[in-house]
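# Geometric and topological summary
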Amino acid sequence: LVTFAISASAAEKKGLRVGAAKVKITPATPVPLSGFGGRNDPFKGVHDDLYARSIVFSDGVNKAATITCELVGLSNQVWDEVSSRIEKEIGIKKDFILLSCVHTHSGPTTNVYNDGNTPEVAAYMEELKSKLVAVVKEANGNLVDAKIGAGKGECLMNMSRRAQDGKGHVTLGLNPYAPCDHEVGVIRIDDKSDKHIALLVNWPCHAVVIGPRNYQVTSDWPAAAAKFVESGLGGNL
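Report follows, based on the coordinates. (Residues numbered from 1 in each chain as written. Predicted model: local features only at pLDDT ≥ 70, side-chain atom pairs only at ≥ 80, totals over all residues. Heavy atoms only, no water.)

## Observations concerning the side chain of S58
Checked against the element boundaries, S58 lands in strand β4 (residues 51–58). Looking at S58, the relative accessible area reads 8%, which means it is buried. Here the side chain of S58 touches G60 through a polar contact of 3.2 Å, landing on its backbone nitrogen. Apart from the residues within four sequence positions on either side, S58 is in contact with G15, L16, R17, K63 and L143. (Helix = DSSP H or I, 4+ residues; strand = E, 2+ residues; numbered from the N terminus. Buried < 20%, exposed > 50% of the residue type's maximum accessible area, 1.4 Å probe, protein only. Polar contact = N/O pair within 3.5 Å; in protein donor to acceptor, adjacent residues only side chain to side chain. Contact = heavy atoms within 4.5 Å.)

## Remarks on the nonpolar core
In this structure, C69, L74, I86, L132 and V136 are the most contacted members of the largest nonpolar core, which totals 31 residues. Every element with two or more residues in this core is listed here: β4, β5 (63–69), α1 (76–90), β6 (97–101) and α2 (119–141). For this core, the leading source of residues is α2, giving nine residues. Those residues within four positions of C69 in sequence are excluded, and the remaining contacts are I25, Y51, A52, L74, L99, S100, C101, V102 and L132. Within the second largest apolar cluster, nine residues are counted, among which are L16, I55, I189 and I197. (Core = buried A, V, L, I, M, F, W, Y, C linked by side-chain atoms within 4.5 Å.)

## Some remarks on the packing of α1 against α2
A pair of packed helices is characterised by two quantities: the angle between their axes and the separation of those axes. Two elements in contact, α1 and α2, have axes separated by 10 Å at closest approach and are oriented at 40°. Between α1 and α2, the angle falls in the class oblique. In this structure, α1 crosses over α2, and the sense of that crossing is right-handed. Along the contact surface, α1 presents V78, E81, V82, R85, I86, E89 and I90, while α2 presents M125, K129, S130, L132, V133, V136, K137 and N140. Looking at the contact of α1 with α2, its residues break down into eight nonpolar, two polar and five charged. (Axes fitted to C-alpha atoms, helices over the stretch in contact; angles between N-to-C directions. Parallel < 35°, antiparallel > 145°, perpendicular 65-115°, else oblique. Left-handed = near helix turned anticlockwise from the far one by under 90°. Nonpolar A, V, L, I, M, F, W, Y, C, P; charged D, E, K, R; others polar.)

## A short note on the environment of G35
If you trace the backbone, G35 turns up in the loop between β2 (33–34) and β3 (45–46). Excluding residues within four positions of it along the chain, G35 makes contact with V72 and H105.

## Comments concerning the packing of aromatic side chains
If you walk through the whole model with that rule in mind, you get one aromatic pair. Here W203 and W221 contribute two aromatic rings whose centre-to-centre distance is 5.1 Å and whose plane-to-plane angle is 75°, an arrangement assigned as edge-to-face. Residue W203 is found in the loop between β12 (196–202) and β13 (216–217), and its partner W221 is found in helix α3 (residues 221–233); the two are separated by 18 residues along the sequence. Residue classification places W221 among the partly exposed positions, given a relative accessible area of 24%. Above the ring of Y51, the side-chain terminus of K22 is found at 4.4 Å from the ring centroid. (Phe/Tyr/Trp six-rings, centres within 6.5 Å; stacked < 30°, edge-to-face > 60°. Lys NZ or Arg CZ within 6 Å of the ring centre and 35° of its normal.)

## Side note on unusual backbone geometry
Unlike most non-glycine residues, D194 shows phi in positive territory, near 70°. You can see D194 is positioned in the loop between β11 (183–191) and β12. Relative accessible area serves as the criterion here: at 48%, D194 is assigned to the partly exposed category. Despite not being glycine, D220 shows a phi value in the positive range, around 65°. Tracing the sequence through the fold places D220 in the loop between β13 and α3.

Below, the structure written as structure tokens:
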């Protein structure tokens, strides 16, 4: 279980404004999934939809944006194209844009591991890039006066995957005795009336619960965690 210890003295910065937005990024046309070798056929269904979420911060002078995608990863080329468009269309400098992925191993290929480019994948990537720009634009339009707090907790469900094979070698497996980072970092953002805006959570664990035989699109455990947190906070981000 995850336990949080949010600081009661959440820092409230004068002039801080924050906006958040969320967009569905599930491919409409089946494409291969990425994350496991030997799984080249297009996906066969959708277990749960994938989303991209953005938070935009403003101090009245500068703006910064985070974009988190329920995908395995994105290339430097995609980062450059998306951040350049955001800077041009929204005015947020590229140096102040953080683009990240939850690293689900059951999301569509994004060519980040040379999984092969097909017309369907190329079309999805163009749609994806436009959606990432659009979600930042929507978050930027949702800016309100806000306050922010940070805290940390511990979750013991992750484990080192560097295991001894009994023959003196290290192999892929489960090793409960090896060092592992269990810390959960949390940043919570509310408006001035204490209504929840967004929550940033950082915890290191591969999204591989469903496994390599799966052919359904899913964000894996990050989707379940996001739904749980959203329901608990009464939001939809």
